[in-house]
Amino acid sequence: MHLSPDEIIFWQYGFVKLNATIVYTWGLLLVLTVGAKLITCQLSTSLQRSRWQNFLEIIVTGIVQQIAEVGLRHPKNYLGFLGTLFLFIAAANLCTVIPGYEPPTGSLSTTVALALCVFVAVPWFGIENQGLRGYLKTFLEPTWIMLPFNIISELSRTLALAVRLFGNMMSGAMIIAILLTITPFLFPIVMTLLGLLTGMVQAYIFSILAAVYIAAALGDRKRKTPSPPLPAAKT
Amino acid sequence: MLIDWFTVGAQTLNFLLLVGLMKRFLYRPILQAIDEREKRIAAELSAAAAKMAQAQQQYNEFQHNNQVFGQERAQRLQQAVADAEAERQRLMTAARQAADTLSAQRLESLRSEAQNLHQTIRQRTQQEVFAIARKTLADLAETGLEERLGELFIRRLRALEGQDKAVLAQACQSAAEPALLRSAVALPEAQRVALQQAVNETFSAQVPLQFVTAPDLVSGLELSVNGQKVAWSIDDYLTSLEQAVAALLPNADAPETQPQPNANEQGS
């Protein structure tokens, strides 16, 4: 029993290794890219369009709408990063129904990588939007006394992002594996369904939190940023 | 150690690669298609709004034209009714006038025909009556009668006085031609002498006489000179009688057609 798909190594040469996390991630990349390419190669601009196009449009416009509701003024500018975060995590979590599949999000390396991307993206968008001075000024709000706490918050939320997603996905897979040994048939199926729900919720939480962090860095939120949702209660 | 930093780096690269691929193959085409569709819908809505405005404008124009047409139609209908009524009145008046004219013409024609008929009857009656009278008197006229007529003429000639006699004497004296003495039959010589003598004595002058036989006198004598005339004959009586009858005939016909004699209404 593996605690992380990183432990499943297909090929290794010194520091360089090819583990299940990377391989399944490539598989997801291939599926998402080919699927998107196949659907978007026959896009219709008229009122008559295919169901798959409708499906993708619903997803994309839904993501844009969610980003806008967080408070970002130009949601399409952040669609590439935040939308890909959601799609990657959601696809990785949904594929857990495939037997033998190990979700890359169950690897702390993957979640750390994603959290690092967010950690870099937040100041990137903040500086791009209001300059370095403006971005750094956000650490002094509401008062300069809050500067160390803001820095700690910046670091801790990155860690929280990584650990939250990893914990949820790893624990889900672990629970299913344990329950398979106790109650082989019915209960693991229910837990798998619950794991799908949990995976989607985690994808949503990760993306929304990233959006909230970016919006806070931009300082253009129209309404008060809702307090970041707590890590999903462990089922 | 749960974190494999090589895997972290690889996953970071994988994620960034996925971001690029998604932008390239998903978000950009989808958003572009949505934008184009929204633009098309906006254009169609704009075109529809323009067409709607145009349709509304045309509808308003149609309504206005329809209203104007209705008013014009009503006016023309009213005008046509008025014209028809005027034409009817004119035609009725003309027909009435024509009928009156025709009736008057017919009445006049009937009256004229009646008058002509009465005139014809009267003239034929007069002619027949006087023809019978003349024929009878002519048949009765003999020498003795002519002599009596000659004596009677001489007596009336001698009885002339005053203005009539003076005018005749003046005419006899100034006449360049002989006085004309007409008789119904040829007078005997003795009577001619007696008449010449009576004329000379009456006008105290030698008046040359020319004796002419004129059967239309029926019976009697007539002396005419230079436009003046003195005569006595039965024809005079007949002429007087004819005039009296002619004057009486219209009145005499009246009782046959009308209770009250009226010459004008008689011919109608």
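Each chain has its residues counted from 1, running along the sequence as written. Written order decides the labels, with chains lettered from A and ligands numbered from 1. Confidence filtering applies because this is a predicted model: local features only for residues at pLDDT of at least 70, side-chain atom pairs given and counted only at 80 or more, and all residues used for totals across whole chains, interfaces and linings.

Asks: Whenever I open this one, the overall build of chain A confuses me. Can you help?
Replies: Note on conventions: DSSP H or I runs of at least 4 residues are helices, E runs of at least 2 residues are strands, and numbering of each starts at the N terminus. A count of helical and extended segments in chain A gives 6 helices and 2 strands. Ordered by position from N to C terminus, the α and β elements of chain A give β-β-α-α-α-α-α-α. To sort residues by exposure, count the other C-beta atoms lying within 10 Å of each residue's C-beta; 20 or more gives buried, 12 or fewer gives exposed, and values between give partly exposed, all with C-beta atoms placed from the backbone. Across the 235 residues that make up chain A, the buried fraction comes to 38%. Placing C-beta atoms from the backbone, we regard two residues as in contact once those atoms come within 7 Å. Counting only contacts in chain A whose residues sit at least 6 apart along the sequence, the fraction spanning at least 24 positions is 65%.

Asks: I would appreciate a short explanation of the UniProt feature "transmembrane region" (unreviewed entry) in chain A in the present structure.
Replies: Within this numbering scheme, the UniProt entry marks residues 20–40, 78–101, 108–127, 173–195 and 201–219 of chain A as carrying the feature "transmembrane region" (unreviewed entry). In residues 201–219 of chain A, helix accounts for 95% and strand for 0%; the two terminal C-alpha atoms are 26 Å from one another. UniProt positions are given in the numbering used here, feature names are shortened, and annotations may be inferred rather than shown by experiment.

Asks: Hey, could you run me through the confidence of the model for chain A in this one?
Replies: Residues and elements named next belong to chain A. For chain A, per-residue confidence averages 84 on the pLDDT scale, and 93% of positions sit at 70 or higher. Between the elements of chain A, mean pLDDT differs from a low of 83, seen in helix α5 (residues 147–182), to a high of 94, seen in helix α3 (residues 79–94). Per-residue confidence from the predictor is reported as pLDDT, which spans 0 to 100. Counting contacts from residues 222–235, a segment whose pLDDT is below 50, to residues more than four positions away or on other chains yields 17 contacts.

Asks: Mind showing me how you'd approach the interface of chain B and chain A here?
Replies: Interface size is commonly expressed as the accessible surface area that is lost when the partners come together. At the junction of the two partners, chain B supplies 28 residues and chain A supplies 40 residues. Any residue outside Ala, Val, Leu, Ile, Met, Phe, Trp, Tyr, Cys, Pro, Asp, Glu, Lys and Arg is labelled polar, Gly included; the first ten of those are nonpolar and the last four are charged. Counted by class, the side of chain B that touches chain A contains 19 nonpolar, 4 polar and 5 charged residues.

Asks: Explain the pairing of strand β1 (residues 9–13) of chain A here, please?
Replies: Regular strands show a simple pattern: their side chains alternate between the two faces of the sheet. Residues and elements named next belong to chain A. Sparse coverage of β1 is indicated by the burial of 0 of its 5 residues. Note on pairing: DSSP must find at least two bridges between two strands before they are called paired. Sheet topology note: the β1/strand β2 (residues 16–19) ladder contains 4 bridges and is antiparallel. If you follow Gln12 over to β2, its bridge partner there is Lys17. Joining the antiparallel neighbours β1 and β2 is a turn of 2 residues, in which Gly14 adopts a positive phi near 70°.

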